[in-house]
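Structural overview
So the chains spell out like this:
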Amino acid sequence: MKKSFAIALGLILCLCFSACSGQETPQTSSQPYAGQEQSDIMIDDVSSSDNTQIDTAESGINVSSEMEGKFMERKLKLTVDGQEISITLYDTPAANALYDMLPLDLTFEDFNGVEKISYLSDELPTEGEPDGCNPNVGDFCLYAPWGNLSIFYKDFRYSNSLIKLGHIDSGIDIISSMNENFSAVLEKAE
């Protein structure tokens, strides 16, 4: 009985080793597949809240334009009554066009008890932007049909044609405390 059990166990082990010996070692996302150039490697999971810096020139990784927005954020300041509001501007077509228009003198008004809005004199491009978004407190957006900037000081429901341009880093309390229309200067932070 022991002899037949040992033979059966030996056969099973032989089959396992022979089955495994013909397989290639699986490759991870950091290793290019055979014949694949490094520039074709995709970065799958990078969080915009991750503070890791990637030097694409040294690493040889070609970051797609979709991923560049997570690394190419720019800072703006919105000055209201001498108080500065810090804004992080995302790297999207609409946000880039807004950045190129700066500085801007804007007049904001309250809309629906949820957001402060200001109309732009020039239209921002929306091609390639998402169809809408669910804005949270502090989101800096463009409402495409009306061509206005929106700063949400309260959460709001999903809205079609609402495009996130950036986010208020500090100073949202200044915005939410404004009861009347107010003037502001939006400019690049140095």
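The present account deals with the structure reproduced in this document. None of these values were measured; they are calculated from a predicted model. (Residues numbered from 1 in each chain as written. Predicted model: local features only at pLDDT ≥ 70, side-chain atom pairs only at ≥ 80, totals over all residues. Heavy atoms only, no water.)

Further remarks concern the pattern of salt bridges. For the structure on display, the rule yields 5 salt bridges. With its nearest N and O atoms 3.0 Å apart, the salt bridge here joins K75 to D169. Here the residue K75 occupies a position in strand β1 (residues 74–80), and D169 occupies one in strand β9 (residues 162–170), the gap between them amounting to 94 residues. Linking K116 and D110 is a salt bridge whose minimum nitrogen-to-oxygen distance equals 3.0 Å. On the basis of relative accessible area, K116 is assigned to the buried category, the value being 2%. A relative accessible area of 33% means that D110 is categorised as partly exposed. (Salt bridge = Lys/Arg side-chain N within 4 Å of Asp/Glu carboxyl O. Helix = DSSP H or I, 4+ residues; strand = E, 2+ residues; numbered from the N terminus. Buried < 20%, exposed > 50% of the residue type's maximum accessible area, 1.4 Å probe, protein only.)

A word on the packing of aromatic side chains. Evaluated as defined, the whole model comprises 4 aromatic pairs. Consider the rings of F108 and F182, whose centres lie 5.3 Å apart with planes at 15°: the pair is stacked. Taken together, the residues F108 in strand β3 (residues 104–111) and F182 in strand β10 (residues 182–188) connect sequence positions 74 residues apart. By relative accessible area, which is 5% here, F182 ends up buried. A centroid spacing of 5.2 Å and a plane angle of 85° characterise the contact between Y143 and W146, whose relative ring orientation is edge-to-face. Given a relative accessible area of 24%, Y143 falls into the partly exposed group. Aromatic ring contacts, followed pair by pair, group F111, Y143 and W146 into a single cluster. (Phe/Tyr/Trp six-rings, centres within 6.5 Å; stacked < 30°, edge-to-face > 60°.)

This brings us to the pairing of strand β4 (residues 115–119). Most of β4 is tucked away, with 4 of its 5 residues classed as buried. Counted along the chain from β3 to the antiparallel partner β4, the turn is 3 residues long, and its residue N112 has a positive phi close to 65°. Sheet analysis places β4 next to strand β7 (residues 148–152), joined by 5 bridges and oriented antiparallel. Among the inter-strand pairings, E115 is bridged to a residue of β7, identified as F152. (Pairing = 2+ DSSP bridges.)

Let us now look at the nonpolar core. With 31 residues, the main nonpolar core has L78, L98, F140, L165 and L186 as its most contacted residues. Among the elements that line this core, the one with the most residues is helix α4 (residues 93–101), at 5 residues. Discounting residues that sit within four places of it in the chain, L186 has contacts with L76, K77, L78, I87, L98, L102, P103, L104, L106, F140 and L149. V114, C141, F152 and L162 belong to the second-largest nonpolar core, a separate cluster that totals 5 residues. (Core = buried A, V, L, I, M, F, W, Y, C linked by side-chain atoms within 4.5 Å. Contact = heavy atoms within 4.5 Å.)

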